[in-house]
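Tertiary structure, described
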Protein chains: 2
Amino acid sequence: MVTRDGRRRVTITDVASHARVSTTAVSKVLRNAYGVSEAMRAKVQAAIDELGYRPQAAARAMRGRTFTFGVVLPHIRNPFFADILDGFDEQIAGAGYQAIIVQGSGRDAEAEVSAIDALVDRQVDGILVVAAVVARARLEEMARNTPTVVLGRHDRSAVYDSVLDDDEAGAELAVEHLISLGHRRIAHITQKDVGAVRSVTLLHTIRARTYERVMAEHGLAEHIALAATAYTEEGGHQGTCELLARTPRPTAIFAGADQAAFGALAAIHEAGLAVPGDVSVVGYDNARAAALSHISLTSVDQDGIIMGKTAGRLLLERIEGRTTAVRFSVTPTLVTRRSSAPPA
Amino acid sequence: MVTRDGRRRVTITDVASHARVSTTAVSKVLRNAYGVSEAMRAKVQAAIDELGYRPQAAARAMRGRTFTFGVVLPHIRNPFFADILDGFDEQIAGAGYQAIIVQGSGRDAEAEVSAIDALVDRQVDGILVVAAVVARARLEEMARNTPTVVLGRHDRSAVYDSVLDDDEAGAELAVEHLISLGHRRIAHITQKDVGAVRSVTLLHTIRARTYERVMAEHGLAEHIALAATAYTEEGGHQGTCELLARTPRPTAIFAGADQAAFGALAAIHEAGLAVPGDVSVVGYDNARAAALSHISLTSVDQDGIIMGKTAGRLLLERIEGRTTAVRFSVTPTLVTRRSSAPPA
DNA sequence: GTGAAAGCGCTAACAT
DNA sequence: ATGTTAGCGCTTTCAC
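Residues numbered from 1 in each chain as written. Chains lettered and ligands numbered in written order. Predicted model: local features only at pLDDT ≥ 70, side-chain atom pairs only at ≥ 80, totals over all residues. Heavy atoms only, no water.

Broken down by element type, chain A carries twelve helices and twelve strands. For the C-alpha atoms alone, the extent of chain A along its principal axes is close to 85 × 40 × 35 Å. A buried classification covers 56% of the 344 residues belonging to chain A. Across chain A, every contact between residues at least 6 apart in sequence was considered, and the portion connecting residues at least 24 apart equals 68%. For chain A, the accessible surface area stands at approximately 13,600 Å², while carbon and sulfur atoms represent 51% of it. Taking the 38 positively charged and 40 negatively charged side chains of chain A as two groups, their mean positions are separated by 7 Å. (Helix = DSSP H or I, 4+ residues; strand = E, 2+ residues; numbered from the N terminus. Buried < 20%, exposed > 50% of the residue type's maximum accessible area, 1.4 Å probe, protein only. Contact = heavy atoms within 4.5 Å. Areas by Shrake-Rupley, 256 points an atom, 1.4 Å probe, with all protein chains shown as cover. Lys, Arg positive; Asp, Glu negative; His and termini not counted. Charge placed at Lys NZ, Arg CZ, Asp CG, Glu CD.)

Right under this line is the structure:
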């Protein structure tokens, strides 16, 4: 391979001839494979260092591993994904793996498919799909060829591993908290469905259904009020505007994600109302911004770092040969802050 | 290539034999290359569709292009990067390119180098480096082999293209705004230097130096107060705590980034002070959250979408053969909101 | 306009 | 323990 400035990139052959050994030997040293003497290892390593050799992932991909994991995110705007990624990176870096991220460009199932395809085309050794909206059959097809972890979906699969938050428990915590404070007119902001996937397995649906169930269990079925927008600042803002326009208006809003809760806080403020005086707000994810003093948002905490770490560990296990599917669930906790209080 | 469930992945050979043509012909159709008849094109395309063929990026990389651009981000937590990426994706998708993102894992120059290496190893056709802290020589070495755009650095290079915000103009807008409101004790939150790069080319240094210059030009040199932490919520919080502890305390804080400004708002609130009553705050980046009514942060807007789009365009131009370096600068504007007002 | 064949850098089966 | 060699899927001369 000739680089653009005319110099050849250093290849395994260069290293081999420089060390006066075979390419096989170099390859074995690179992969810490069985059957190399100490002397050989030292000699080869010296040549590698001297020449500044780095193996080309593309050539490796043709025969063996790429030492790369792919991560599919709906988008990079949600800070909760950053937690997941930090945990993931930490876990896989130790095993010599590199994570590459592709954006699914929003909630569009088609864009998500092409993001997944992009990773498959690049022969990654494993894939982490976060909050996928794509059809389950598509995920399973991929999982049959590449070790796969699906994060944040509640469907059970025999071919891919799952990492998820117990969203039912989390939503219960949020709604029970508001009810115990004395609220009755509690509204919920959820995400509009897209894609062909059976919606009941998606986390936003679980959170919304649980909200409805808990409300009903407490005899508050008549006060169920849903706004289906998006888990974004804009979505939370718009949903809250809708909800506040109803008569009587809710005294509390449970937003399915902190990003939406932040938008809700803004909309409440714009309406000339106070938090928590007129309306209490509870979010989900416990983003760092939720802890900021001037925001102080009550939120459900799910440990993104642990979820990311676990996803990394599960992929590494698959590489090592595990073939049975595993399901890992974290238990959420409620973090109470000043955005929630008893109704006036 | 045999997939894990035993089926072979469809290759160019399969398509060729299915269409009863040569692999050369298929390759040409794939790349829209010169010298294929309409009949040939149709026949091959039909076979591709029928077999669900997708070229393997790894194999392509061995000979030609990967149709992949790599993006190096310090981390994915800053929402401003999401704007850049949205613009970038939009621009390159039309040309059939896919972006893959790698995290530099914070501000650590070493981590950034390994992120860059990871992309080079994967033979991407071009690289966008955002807010790099790595030494310039390292960037140039990479740029000599792979088309490169450096976003957010002010050094001039003959080998890579630059996309940047006029940070000097932006910082001037912010400081002049506060001065014109009547503030004199204006403090600034900047980022601590790391890495071996000549710091003066980094955007946070430019913003800080400009702050000092404008203060001095207005006879306020004695009131210059800097806190060097980080462009994060935590950094802004900590820096503000430091600044508020000084006597007399500043009446205004110009944070080098909105993320830091959000942390500043929290710290001011914790100190029992009001914004803008006791302390005015101005940020930089005009993140979406800055516009939220309950936050209402005055901020310097730089168009991340345009910057991302331009970066994509410049890479595509390089692929098409441009060899002279280009420098593209966006002009920032001030968005005035309620976080800034005359001092008491 | 079309196809045969070489070869990119690496790994793995096999031979020594 | 070490080396020889075939071949992964694709692009690219170079014939025809």
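Another point: the UniProt feature "domain: HTH lacI-type" (unreviewed entry) in chain A. According to UniProt, the "domain: HTH lacI-type" (unreviewed entry) feature falls on residues 10–64 of chain A. A helix fraction of 69% and a strand fraction of 0% characterise residues 10–64 of chain A, whose end C-alpha atoms lie 20 Å from each other. (UniProt positions renumbered as here; feature names shortened; annotations may be inferred.)

Residue and element names in this part refer to chain B. The strand order across the open sheet formed by six strands is E7-E6-E8-E9-E10-E12, and the pairing between neighbours is mixed. Edge strands, defined here as strands with exactly one partner in the open sheet, are strand E7 (225–229) and strand E12 (333–335). With strand direction ignored, the average angle separating the axes of adjacent strands in the sheet is 20°. Sheet contacts for helix H10 (residues 233–244): strand E6 (186–191), E7 and strand E8 (252–255); angle to E7, the most-contacted strand, approximately 145°. The strands that helix H11 (residues 258–270) touches are E6, E8, strand E9 (280–284) and strand E10 (298–301); relative to E9, the one it contacts most, it runs at about 160°. (Pairing = 2+ DSSP bridges. Axes fitted to C-alpha atoms, helices over the stretch in contact; angles between N-to-C directions.)

A few words now on helix H8 (residues 167–180) of chain B. Its 14 residues give H8(B) an end-to-end C-alpha distance of 19 Å, which sits within 8% of 20 Å, the value for a rise of 1.5 Å per residue. Positive backbone phi, at 110°, marks B:Gly182, one or two positions downstream of H8(B). (Expected span 1.5 Å × (residues − 1).)

What follows concerns the interface of chain A and chain B. Interfaces are frequently sized by the accessible area removed from exposure as the parts join. If you look at the interface, chain A gives 60 residues, while chain B gives 60 residues. Summed over both sides, the interface between chain A and chain B buries roughly 5,100 Å², with carbon and sulfur atoms accounting for 51% of that surface. Our enumeration of links across chain A and chain B arrives at twelve salt bridges. The salt bridge involving B:Arg77 is made with A:Asp83; its shortest N-O contact spans 3.0 Å. Applying the counting rule to chain A against chain B returns 25 residue pairs in polar contact (both at pLDDT 80 or more). Listed by contribution, the elements that provide at least two residues to the side of chain A that touches chain B are helix H4 (57–63), strand E1 (68–73), helix H5 (79–93), strand E2 (98–103), helix H6 (109–121), helix H7 (136–145), helix H10 (233–244) and helix H11 (258–270) of chain A. At seven residues, the largest contribution of residues to the side of chain A that touches chain B is made by H5(A). In terms of residue class, the side of chain A that touches chain B is built from 28 nonpolar, 14 polar and 18 charged. (Buried area = accessible area lost by both parts, 1.4 Å probe. Salt bridge = Lys/Arg side-chain N within 4 Å of Asp/Glu carboxyl O. Polar contact = N/O pair within 3.5 Å; in protein donor to acceptor, adjacent residues only side chain to side chain. Nonpolar A, V, L, I, M, F, W, Y, C, P; charged D, E, K, R; others polar.)

Superposing chain A onto chain B takes a rotation of 180° combined with a translation of 0.0 Å along the rotation axis, leaving an RMSD of 0.1 Å. Expressed as a symmetry operation, the mapping of one chain copy onto the other fits a two-fold axis. The share of interface residues of chain A whose copies in chain B are also at the interface is 100%, consistent with both copies meeting through the same surface. (Least-squares fit on C-alpha atoms with pLDDT ≥ 70 in both.)

With that out of the way, let us pick up the environment of B:Thr298. Residues and elements named next belong to chain B. As for its position among the elements, threonine 298 is in strand E10. By relative accessible area, which is 0% here, threonine 298 ends up buried. Sequence-wise, threonine 298 and lysine 28 are 270 residues apart; in three dimensions their C-alpha atoms are separated by 54 Å. Other than its neighbours up to four places away in sequence, threonine 298 contacts His177, Val281, Val282, Gly283, Leu334, Val335, Thr336, Arg337, Arg338, Ser339 and Ser340.

In this section: the environment of B:Gly182. Relative to the assigned elements, B:Gly182 resides in the loop between H8 and E6. In this structure, the C-alpha to C-alpha distance between B:Gly182 and B:Gly64, residues 118 residues apart in sequence, is 61 Å.

Once that is clear, we can look at the packing of H8(B) against helix H9 (residues 203–217) of chain B. Residues and elements named next belong to chain B. Remark: H8 packs on H9, axes separated minimally by 8 Å, with the N-to-C direction vectors making an angle of 40°. As far as their axial angle goes, H9 and H8 are oblique. Read as a crossing pair, H8 and H9 show a hand that is right-handed. Mapping the contact onto sequence places Asp167, Glu168, Ala171, Glu172, Val175, Glu176 and Ile179 in H8 and Leu203, Ile206, Arg207, Thr210, Tyr211, Arg213, Val214 and Met215 in H9. Partitioned by chemical class, the residues of the contact of H8 with H9 number eight nonpolar, one polar and six charged. (Parallel < 35°, antiparallel > 145°, perpendicular 65-115°, else oblique. Left-handed = near helix turned anticlockwise from the far one by under 90°.)

Residues and elements named next belong to chain A. Taken in spatial order, the six strands make up an open sheet running E7-E6-E8-E9-E10-E12, and their pairing is mixed. A single partner strand is all that each edge strand has here, and the edge strands are strand E7 (225–229) and strand E12 (333–335). The mean angle between the axes of side-by-side strands here comes to 20°, regardless of whether they run parallel or antiparallel. Looking at chain direction, strand E8 (residues 252–255) and strand E9 (residues 280–284) are connected through three bridges and run parallel. Opposite phenylalanine 254, over in E9, you have valine 282 as the bridge partner. Together, strand E6 (186–191), E7 and E9 form the strand contacts of helix H9 (residues 203–217), whose direction differs from that of E6 by roughly 160°. Its contacts with the sheet place H11 against E6, E8, E9 and strand E10 (298–301), and it is angled at close to 160° to E9.

Tallied over the entire structure, the rule returns four cavities of 30 Å³ or more. Taken as a whole, the largest cavity spans an internal volume of roughly 350 Å³. Every residue lining the largest cavity is counted, 24 residues in all, and those nearest its centre are A:Glu233, A:Gln259, B:Pro79, B:Gln259 and B:Ala289. Residue assignment for the lining of the largest cavity shows that the elements contributing at least two residues are H11 of chain A together with helix H5 (79–93) and H11 of chain B. A total of three residues in the lining of the largest cavity trace back to one element, the largest contributor, which is H5(B). Residues belonging to the lining of the largest cavity are distributed by class as follows: 13 nonpolar, four polar and seven charged. (1 Å grid on protein atoms, 1.4 Å probe; cavity = no way out; pocket = protein on both sides within 12 Å on 5 of 7 lines; lining within 4 Å. Points joined across faces, edges and corners; volume = space filled by probe spheres on them.)

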